[in-house]
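# Structural description and commentary
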Amino acid sequence: QVQLAESGGGLVQAGGSLRLSCTASGRTFSDNAMGWFRQAPGKEREFVASISWTGSTTTYSNSARRRFHISRDNAKNTQLFLQMNSLKPDDTAVYYCAASSGREVVVRHYEYTYWGQGTQVTVSS
């Protein structure tokens, strides 16, 4: 069974940092672009960051640029990371890891085939 499992969420004060992780099981995604999305209560799921299959290309949403960093480790089980710095209350959301069927970065949620269950990030003011 193919699974993406996120971890690392939690409660943090504004200005703090968190590092989210996503581990794949059931198959490798070393040939696939991957990404992070988030969904706040009452809002639609929104793109946060994407990384190409080699990790050489990344793209971010305007809100994530300069504060978040996406990376990946294809060494064994594919792992995806999101380092989040200078967190704001507006960053509060459930964060989802996703894998695309293609190799290059993508920002649209419908271009992702596999999704994790999400991890809650809460930023207090």
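Owing to the predicted nature of the structure, the values given are computational and were not obtained by experimental measurement.

Definitions and cut-offs
- Residues numbered from 1 in each chain as written.
- Predicted model: local features only at pLDDT ≥ 70, side-chain atom pairs only at ≥ 80, totals over all residues.
- Heavy atoms only, no water.
- Helix = DSSP H or I, 4+ residues; strand = E, 2+ residues; numbered from the N terminus.
- Rg over C-alpha atoms; globule rule 2.2 N^0.38 Å.
- Pairing = 2+ DSSP bridges.
- Axes fitted to C-alpha atoms, helices over the stretch in contact; angles between N-to-C directions.

Summing up its helical and strand segments, the protein chain has zero helices and 11 strands in all. Beginning at the N terminus, the succession of helices and strands in the protein chain can be written as β-β-β-β-β-β-β-β-β-β-β. Here the protein chain has a C-alpha radius of gyration of 13 Å; the compact-globule value for 125 residues is 14 Å, and the two agree. For the protein chain, the spread of C-alpha atoms along the principal axes amounts to about 40 × 25 × 25 Å.

The next thing to look at is the sheet that holds strand β3 (residues 18–25). The strand order across the open sheet built from four strands is β1-β3-β8-β7, with neighbouring strands paired in antiparallel fashion. Strands with a single pairing partner mark the edges of an open sheet, and in this sheet they are β1 (3–7) and β7 (68–73). Averaged over all pairs of adjacent strands, the angle between their axes in this sheet comes to 15°, without regard to strand direction. For β3 and strand β8 (residues 79–84), the ladder comprises six bridges, and the chain directions are antiparallel. Counted as the bridge partner of cysteine 22 is leucine 80 from β8.

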